[in-house]
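Structural features, examined
So you can see what is in the structure, the chains are spelled out below.
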Amino acid sequence: MNEDPAALLPEIALAVAAVVGLLAGSWLPRRRQWIVRLLATIACAVGIVAAAVAAAGPARTVFGGSYAIDTGLAAGRIVVLAATLLVIALAGTAVSGHRRETEFVVLLVLAALGAVVLAGATDLLLLIAGYLLASVPLYALTAFDADPAGTEAALKYYLIGALFGVVLMLGVAALLAAGGGTDYPTLARTLPDAPPVLVAAGFVGVLGGLLFKAGGAPAQFWVPDVTEGASTPVAAFVTTIPKIGALIAAYRLLDVALPGVAGARLLVAVVAAGTMTLGNLAAFAQTNPRRLLGYSTISQVGYLLLAVAAAGHAALALPGLGYYLAGYAITNIGAFAVLAALPSSTLDGHRGLFGRRPVLALALVVCLLGLVGTPPTAIFVGKLSVFTAAFDAGLLWLVVVAALNTLASLYYYLRWIVPLFRRGDAPHPVAGRWPAAVAVTAAGGSLVLGLAAQPVVRALTAELLR
């Protein structure tokens, strides 16, 4: 066993913040519970620094080969922790002084830890643990406000999550029976000679569980309801951070555990095409901006799955996936931050926003066009990278489907953007400074990340090939 706790400093920082924060929050008066938020913020910042330092070292596995310290985990750690910082800031106004502020922050931290564990797991049993840790806290957060919409959304989220959790565990059991182990190197060695039907059943089960966490078809039914029913910070978290861990986990599964299994890449490619098409078609008819963003996140999963389908067959697949996830996280949270600052139940509710609040209007425009993949935003670079990876992997038909879906998605984003520049009533007052600050920061970050794309992607690729 190669135990090395120092290799897990980001994960340890999150775990310590959750435990200490929960204990401290039990004794702190309500007006002092901001200390728990400060503790979570420090833990995320420490984790980002530790992850960056670990990324400079060689790729390796720890704890009996069950956890990988490599480029994929480095990208997952940094993006998850940075996105969690944004969500904590976004929730500042809503939870400050709340009687359950500590519980809110601790649940966020635990869910973020689960997403990081998913990204680094190289053993199916640890994958199950990461899945549960990234799921259970979010069920509670969805119903945190205890209102009818949130409670209904949490119930749907929990029932579908429980179903796909069972599917994931059955898939793990099938792969264990077929391969004689749960660690990825053993599976890579034994599964090519195992009964194909058993391997296929196991892969479908595990992939199904990861698709639930990512919000991809056919496990996407919960996404629009949770996006609409949960509070805005929770909706931003749920539609962003679990995807990071789940998609990196899916990539690692195909690249490390199942590189020789016939049909796995094709199945992922078909799921990618169906997910992006379904998300876009459903978004066309939406007039509620929260549900529109919910279906938008489903379509984004379809594009991200291009990199998963190209796993092991294109050098740009993993760097492209990491960069796309970073761009998506900051852009999606930015769009939700505008909704938190200026809530609206219809797309037309922000009519005339540019004339009244031009900075927020421009931030929203940058985020929405960024979700399309418009240059020079970060998602443009990420989408171009995963398209290139899929093309290099021989999936030209999937690239064509993705390009057509990208063009089609422009329609429903423009339905939201165009009214911003028309005459209309004055918007409601901004609901707190923190959401507005997060929106502007995220929009600026998307542009900066897009402009700085070349050296970052090059560094990721060099690290991968080192």
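Before any of the text, the structure's been laid out above.
Read on for a plain summary of the structure. (Residues numbered from 1 in each chain as written. Predicted model: local features only at pLDDT ≥ 70, side-chain atom pairs only at ≥ 80, totals over all residues. Heavy atoms only, no water.)

1. Considering the pattern of salt bridges
To keep things clear, this is the line we draw: One speaks of a salt bridge when a side-chain nitrogen belonging to Lys or Arg is within 4 Å of a carboxyl oxygen belonging to Asp or Glu. Put simply, DSSP H or I for four residues or longer makes a helix, DSSP E for two residues or longer makes a strand, and each gets a number counted from the N terminus. Here's how the labels work: a residue is buried when its accessible area is under 20% of the maximum for its type, exposed when over 50%, partly exposed in between, all with a 1.4 Å probe on protein chains only.
Evaluated as defined, the whole model comprises eight salt bridges. A salt bridge links K156 to E152; the nearest nitrogen and oxygen atoms lie 3.2 Å apart. Of this pair, K156 and E152 are both found in helix α7 (residues 148-179), four residues apart, which corresponds to roughly one turn of the helix. On the basis of relative accessibility, which here comes to 46%, the residue E152 falls in the partly exposed class. With a closest N to O distance of 3.6 Å, D225 and K156 form a salt bridge. With D225 in helix α10 (residues 223-229) and K156 in helix α7, the pair connects residues that are 69 residues apart, well separated along the chain. Since its relative accessible area comes to 30%, K156 is described here as partly exposed. Each member of the salt-bridge network shares a partner with another, and the members are E152, K156, D225, E228 and R291.

2. Quick notes on the side chain of K243
The following threshold applies: Contacts are assigned to residue pairs that have any heavy atoms within 4.5 Å of one another.
Note on placement: K243 falls in helix α12 (residues 241-257). Residues within four places of K243 in sequence aside, it is in contact with K213, A214, G215, T297, V301, L325 and Y328.

3. Brief notes about the environment of I78
Locating I78 in the fold gives a position in helix α3 (residues 71-90). Between the alpha carbons of I78 and N332 there is a distance of 16 Å; along the sequence they are 254 residues apart. The contacts of I78, once residues within four sequence positions are left out, are I48, A51 and A52.

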